[in-house]
Structure formats: structure tokens, C-alpha cells
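One-letter residues, chain by chain:
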Amino acid sequence: EARRIIDRMDCINMQRYDWSIVSRTADAAAIDLDIHGSMLPKAAGSPYIDFPRRWRLDLVRTDDGWKIEHAFTAERMVARAMRDAPSYAEAERIFLAASDVDTKTVLIEYADRLYPDVAGDIDRADFARQLAFAHGGLKEQVFTIRAQAILRVQNQLPGARELAREANALAQARGTGADRAEALFTLGVTTWLTGDTPGARPFLLASANLVEETDDPILSLKSLHMYNYVSASTGDLRAALDGAGRLVQLAQHYGWPEGEEVATFLLAIVYDQLRNDDMSLELLRKTRRLAEANVHDAFIPDAVHDIAIGEAKLGDVERAIATMHEAIGLFGQDSSRVWSAYVQLARFYMQLGRLDAADQALQKSASSFQPNDADSRSIMVMSHRTRSELRLLQGRAAEAVEAATVAVATTGDPEDKRYLAEQVAATIVLGRAFRAAGRKEEAQAALREGIARFEASREDVTDSELSRIAFFADNLQAYVELAELLVEQHDVEGAFRIAEQMKGRGLRDVLARGRIDLGATLTADERKRQADLEARIIELNRAITAATLAGGVRAELRERLAVARIDLDAFQSEMRLRHASVARQRVDGNDVIALPAQTTGTVLVEYVIGERQTTAFTLRRDTSGKPLLQAVRIPIGREALQHEVESFDRLVASRSLRYAEPARRLYDLLLAPLEAQIAGSDALCIVPDGVLWTLPFHALMPSAGTHLVDRRPVYYAQSLALLRHSFARDERTAPTLLAFGNPTIGAATRSSVRSAYRDVPMGALPDAEDEVRSLSSLYAPKQRRTYWRDAAREAVFKDQAEHFDIIHIAAHAIVDDGAPMYSAILLATGANESEDGLLEAREVVGLQLNARLAVLSACDTARGRVGAGEGVVGIAWAFFAAGCPTTVVSQWKAESRATAKLMVEFHRRLVAGDSTAQALRAAQRALRATPAYSHPFYWAPFVAIGAAGARK
């Protein structure tokens, strides 16, 4: 209690004090303390007030001497005696007899110590209100009404918001700034906890804005923190970030160290929403360091708990287990948190396949559970859901059904949006459990219900593309399970529709929402705000590029850049919501199951990877020209397939001659079972899933010495729906070329340093320059614009890209797996230009491209974040979203000379009339015929995505 008072004060003056021993044993003592002093609140303009005079100190003896265990005021002692009284009449007698204490403070202490553990607390709250109106002033009246509201919302009883409104009306009419701030805070929190999250934000912000009008600014800062937290939970990341920055400044100004901690913690939550797990974990660790430096022990356990979860997300599960055990030790007697921590610990053990240890953790969780824990529904649902998932792993299907049924029942009212994530997850686990138990009809119903709940709520989650993709990824398993179940039930068409429903979701959202024409749509103030946000990113990008060239980048620069990026993303999301007139594009979902008319002779192969099996759908035309859809189940699950693919990828990337055996094994695994379906095809269009996006199918080997590329062209698509959309936009015109090669990257790279590969570090690329110069000879002078070195500028690209049929960029690329929309191609900058030379994926999305093909002749341009069901979110994804239906991109670090030879031959075949897939295949085979480039490392890195197929 002393700390709570001291933290609110700017200065404390002690004139004198007296003390006396109340009781003493060998190991404990109680002391009464009488203090004469005054204190100055931190709020500007506040006068000195009396320091609380009478205190009781509980002491304990330690090896280092006597230590204060508890410190509380005489007013608190009276309130405790009232609370422990056998009747309200006796409590009132104690109150009236306490003539030597501040009775108004007693009223607040009594109301502040109401706990939702017995039904009688509701009556006690009513009694506190009666006392306040009989013996207190406005402050005490408002406070006791607020206490009634909070108690009711904690017990999920009706009337909480009405009481909060009553307190607020009273405070706004006659109260001080502190009264108004406290009442608004209570109204905001009560509104939030009763299900109206958007409605809570104005009240919390209004309370925060009273920070200069209250003698306790910490309350307003807590309101600001709650406003930030609620904003983040509704997807308004800009408001959350702006609020976090403001909270740091105010917390430093008013001397509230915890404010900086909670603001940092909020940033960790935002990054977690965006699936930037590295940054989220770093911010959580920073939060812990701040708490330890400020000796805020109460804040440390939650930070350690979340650090463990972050470590597990990054794959360091053993470390996460040790960290979670540390959190459990720090939680001590806090049963709800110990309970939650043991459930998380069980999930970590399940990740490692240590099922007995997971079972023990769940048993410890159950033994730590206290039924009077407040607001524990989410933890209860997760506990039952985790138990069901564990029983599934143990092969105990009936018990899994039982646990999942309890989880679903625990979620409560399906309309209660507070438990949306729990409702979806529990329903999906129930469907999986029914399936394992052989109850297929019930499984199908539960999985469909889980998907329907998710789909209905998805638009409400957030307007950030990556947040939406991440939210979808959390629920992907339902689609996979249902597709597999429908195949088992011989409903191949229904299964394929589910597979298509989960493919390319984020990209379809981007296309459906359209792009903002800043010049025509935004107001002058909005354009300035956009320009300021862009300028921040450009400034930081330049600083980081300069530091990279100089040999190192400070972590603080990267953190500032990451915050600036989220700020810009949030602004653009806000503009999409504000300017609803932005044109939309329609992307047909899974209504039409037919190949595009231009793909005669093509077979589409679409994969869905499950936990224990992989499903391959094939779509082709039968002899009458009608669509023929089939499904084949391949007996390999996600983990084993990932091991096979990653092993092969490493062998190819290292130019190992041992690649042939796994190339043959992967062909036998993924394509040999489909031989009957793909026989006689002119081309294959692969729709990969998960790790298969990193696999060069064209380099797989049907037989010794033969690669798939020798048999037919191979290209890729995010889904059938997006393939159809690609061909609808792919109109043949006389090819015009815009090409950039070997851009100059800063003064430090103008030396003769040569990069052997088109990845960072950012050395010169003379082969890329030769590549672009050679392309000039293939296109008529009026049909080409080619730029290299200093001329290959970002500003030139943005100015001219929309006017050309084919875009070709031979340059360095930077892939940002944590924030894939900030992956970039490195271009030159002019002396007086505002551009930073980084053509970022998010900038590409904002362009209005009319090109039918973009060739990104750089390293790793097919890479990015592999979104569950989404494909690769990165540079190629951005060009598609910007209007370019086909891209040619690299899956790994491309050797520069080999790439130059490949690209010149590729364009020669394009100009001759080949389709993109045909031209790429011919170029790859020609390069492979050169002994020095016969290894797939040299000829196989590039893949064609989109409308690349053969045309008849």
C-alpha cells in the first residue's frame, strides 16, 4: 500500500514519526507507526496534501535482519475489520466508532476490498453504497457505484453497465477530474467486459485525455493502456501503436515505470498478431528487463510466461519448457496463472512427442485449479481442448470426444464474441475427435460448424492482410481435416471445394478489397499523413542500408523501422475502411471446378498436407472435354514430408551430387501415384501446400538421368480460383519490355566488387547488366526500355512500370520472412529523389500494373513467409496483387552467370511465341546441356507462377 501511494507522488516531506511495538515473537512483530508529513501529487498544479498518518507494519525476521512484510494504513485496518464483521449492523458500528481515522478513505477501502468469491459480496457492495451516500461525499458515492458495477461484471451478473453509466453521469456532473477519469475508466472496462469492445474505446480514451486534470495521473495512464490493448485486439494497430508511444512519453513524464513496461508488452502483442515472432519475443524480453530494473516483481511472471510461448513458436521448445517452469515458480500461489502455465507446458511436451510428460502437466494443471478463479473461461476451454488433443495423440478417441465436448460446452453462448477464438478452436477439435472415433457424420457436422463460425467472424478480426492470414492459419486444420474426411466418404468434389476455400485466402482478400488511388481518394491531410509515414520508413531504410554497407546495424534502428512499418500498414487499413468507394475486383472462389479455356492439355495437381497424410487432387479434361476431378491419398504427413523436402532442398542448394536419390524418392512419393492422371498431359500446373512451395518439382526425377522438366513444362498457382483469375487478366499483346539490371546500391558499391550470387551483400552484378543489355537486342527499339547502374532507379520503375507488357529486374533482393510485405528488390536512387532504393512488396501492391509477366531475376524472389494454405507471401505475391498475372521468380540463391544465360534464352523463346512455362522449360534444358551448369542448383532455381501454361 505504501508503494501504491508513493508511486502517485512527485515529492514526500516527512516532518516526524513515532512508533510503538504492538506484538513481538522471535520471528515476527507488529508495529504501529504515526507519521506527520505531506506529499505532492504528480499531476500539474496539485497542492500538497497530508500523508496518511497511521500505519500498521508487519515485520518478519530474516538472515539479514528485520524486514517489512506488509504495510497498511489505519483506514485499511478498519475496512478489514468491517469486512470480517459477522453482520452489516456490526460493520456499521465499527465504522461509526472509528473517529480517529479518515472515514471517507475507510469507505473507499471497504468498497475496494470486495472479492467475487461469495454471493454475499453483492449485498456487501450494496451496503457500501448505502454507507457512502449516508456518510461520504461525491467521490465515495461514485467509487462505491463503480465497485458495484465491477463486481457484477466479474460475476457475469446483469446491471453492470447501467451502474457504470450511473457513476459516470454523477461524476461528469459534479465530480473532479479524478472522479471523471475513474468513472470513465470503469464504464470503458465494463463495456468491454460485457461484449461491446468497439463501444469501450471512446470511454477509455476520454479517461486517458483527463491526465492533466486529475491528482492521480496513473489512473488516466492505465486507461490509455487499456485503450491501446482494446485497439490492438480489434485490429486497429495504428491506434494501438500511437497510444503505446504516447504512453511511454507520459509514463516517463509522470514517473510511472510500469507504463513503459506495459507499452512494450503491447508492442509484443501487436507483433505476435502479425506473426513477427522474432520481434515479439525480443520485446517480451525487453519487458522483463524493464520490470526487473524497476523491481516490479508482479509484472515479471506474466512476461516470463509469454517469453516461453514465444520461444516455442520459434522452435526452441526445450528452452520454452525451462522458461515455463521458471514462470510457474514465479507465479507461486496465483492458481489461475499456474493452471494456465501447466496447460501451455503440456502443449510444449506434445510438440516434442513426450506424451507422458504432457499428461503429467495436465494433471498438475487440474490440481492447481481453483473454481473461484475469476475470468477463467478461456483457460478452462484451452485445458479441455488440450486434453482432447493429447488423447487423440494417444489414440484414445472416446476420451478425446468427451474432453472436446466439455470444451465446446465451456465456451458458453456462441454469440459472445469475447470467446470467439475458443469457440472455433474447441468445435474444430471436437470434429477431429469424432473423426478419430469413426463417427464421421458427427465429425463432418462439427468441422463444418467450426469453419462456418470462423468464416462468419473473419471480417471482424482485423483489416491487416498479414493479421488476417495469421488468423486463418490458426484454424487451417479444420479445412484439412474436413477435406480428408470428405475424400474418405468419396465426396471428392466437396473435398476439393474445401481445399480451394483454404487456398490463397490473403491474396483473394487483397484483390477483392482493391487498391487505393491516393491522388483521387485521400484528402489533403490524409495525403500528408501518408507522405510523413513513407518518409519515416525511407529515412530508416537509408540509415540501415548505410549501416549495412559500413559493416553493422544497431538493433534500435531495426526496432524503429518495424514500428514505422506497422504504423504505415495500420494507416492504409484505416483508409480502406474510411474510403469505402474503392473499386473491387471479383475473384471467384470455389464455385467453378474447371481449368481455364487456355490450358488445353494441362493437368492441375493440388496438394493438401495433413498431419498423417497428404491428399493430391488432379483436375483435367476427359476425352469429351469435361472436367475430371480425382483424389489420391498419399501416406505421408506434414512432419515427415517437411523433412524429405528440406533435405532435398539443402542438397540442391549445396550443389551436392547426392541430390539424385531424394529427387527420385520425392517423385515416387508425390507424382508417381498420379501417373494415370497426368499421362499424356502437355503441362503440369502444381498448386503446392506448405513446404511444397519450396520444392522445385521440375527438378524431380521420374527415372535415372531424367528430370520432370524433360517430360513437360511445369508451372505453379496459388489455387484453381486464382489460376482462372490469372488467365482472365492475361491478354496477349505485342511484347514490350521494361528491364532493370545491376542497379547501383549506394556509393560504397560503385567499386569493382563483384557478387557471385544475386543476394546480399550488395556487391555489383556485372552479369545482370550484361543480361539486360542482351535483352535489348531481342526486342524492337520502340518496344523496350532498359536501364542499368545509376539509371536503374526506383523512381523510374514506379513511373514507367504500368506501361509495359513484360517487366524484367536483374538485381539484388532482400527477403524479410518476419515482415514479408517489406521484402524488397534493391534499385538505384537519384541524388535528389525521395526514394530509398528499396522496391518493397507493399509498394508493389500499390502500383497499377498492366504487365502480363514479371521476371524477377534475383535471389529468393519466390521466397517469403509460407502462409498456411496461402502459398508464399512476398515479392511474387505482391506483383500478382498489383495486377500482373504471371511471375518468374527464384526459389533459392541464384548463381549470377548461369542466371544471365538462362534469362537471355528464356526471353528469346518468349519473343518466338512460347508461353512462359514453355520458354522457361526450354531455357532450363538448354542451360543444363552445358556441363558446367548441369546441376539443378544452376538451372532449376526459377519457377513460373500464374498464367504461365501452354496456349493452343
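For the structure itself, consult the block above.
Residues numbered from 1 in each chain as written. Predicted model: local features only at pLDDT ≥ 70, side-chain atom pairs only at ≥ 80, totals over all residues. Heavy atoms only, no water.

1. Let's talk about the overall build of the protein
(1) Moving on: Across its full length, the protein holds 40 helices and 21 strands.
(2) Moving on: Looking at the 952 residues of the protein, the share that counts as buried comes to 58%.
(3) Moving on: The long-range fraction of contacts in the protein, counting pairs at least 24 apart against all pairs at least 6 apart in sequence, stands at 69%.
(4) Moving on: For the protein, the exposed surface amounts to about 38,800 Å²; the carbon and sulfur share of it is 50%. (Helix = DSSP H or I, 4+ residues; strand = E, 2+ residues; numbered from the N terminus. Buried < 20%, exposed > 50% of the residue type's maximum accessible area, 1.4 Å probe, protein only. Contact = heavy atoms within 4.5 Å. Areas by Shrake-Rupley, 256 points an atom, 1.4 Å probe, with all protein chains shown as cover.)

2. What about the environment of Ile-593?
(1) Moving on: Note that Ile-593 resides in the loop between α28 (555-578) and β6 (602-609).
(2) Moving on: Sequence separation between Ile-593 and Arg-724 is 131 residues; the distance between their C-alpha atoms is 9.9 Å.
(3) Moving on: In this view, Ile-593 contacts Glu-493, Phe-496, Arg-497, Leu-619, Pro-627, Leu-629 and Leu-720; residues no more than four positions away in its chain are not counted.

3. Some thoughts on the side chain of Thr-886
(1) Moving on: Counting through the fold element by element, Thr-886 comes out in strand β20 (residues 886-890).
(2) Moving on: Setting aside its immediate chain neighbours within four residues, Thr-886 contacts Arg-852, Leu-853, Ala-854, Thr-916, Ile-945, Gly-946, Ala-947 and Ala-948.

4. Describing the pairing of strand β7 (residues 614-621)
(1) Moving on: The element β7 is extensively covered by neighbouring structure, given that six of its eight residues are classed as buried.
(2) Moving on: Of the strand pairs in this sheet, β6 and β7 are connected by six bridges, and their pairing is antiparallel. Counterpart to Val-605 in the pairing with β7 is Thr-618.
(3) Moving on: One ladder, built from eight bridges, connects β7 with strand β8 (residues 627-634); its direction is antiparallel. Paired with Ala-616 across the bridge in β8 is Val-632. (Pairing = 2+ DSSP bridges.)

5. Comments concerning unusual backbone geometry
(1) Moving on: Unlike most non-glycine residues, His-490 shows phi in positive territory, near 65°.
(2) Moving on: Mapped onto the elements, His-490 comes out in the loop between α23 (476-488) and α24 (492-501).
(3) Moving on: The residue Asn-742 is not glycine, and still its phi comes out positive at about 50°.
(4) Moving on: Mapped onto the elements of the fold, Asn-742 is located in strand β11 (residues 737-743).

6. Description of the side chain of Glu-481
(1) Moving on: Its place among the elements puts Glu-481 in helix α23.
(2) Moving on: Accessibility expressed as a relative area gives 2% for Glu-481, which makes it buried.
(3) Moving on: Polar side-chain contacts of Glu-481 include one of 3.0 Å to the side chain of Arg-432.
(4) Moving on: Within the structure, Glu-481 has its side chain in polar contact with the side chain of Arg-435 (distance 2.9 Å).
(5) Moving on: Excluding anything up to four places from it in sequence, Glu-481 contacts Arg-432, Arg-435, Leu-447 and Arg-612. (Polar contact = N/O pair within 3.5 Å; in protein donor to acceptor, adjacent residues only side chain to side chain.)

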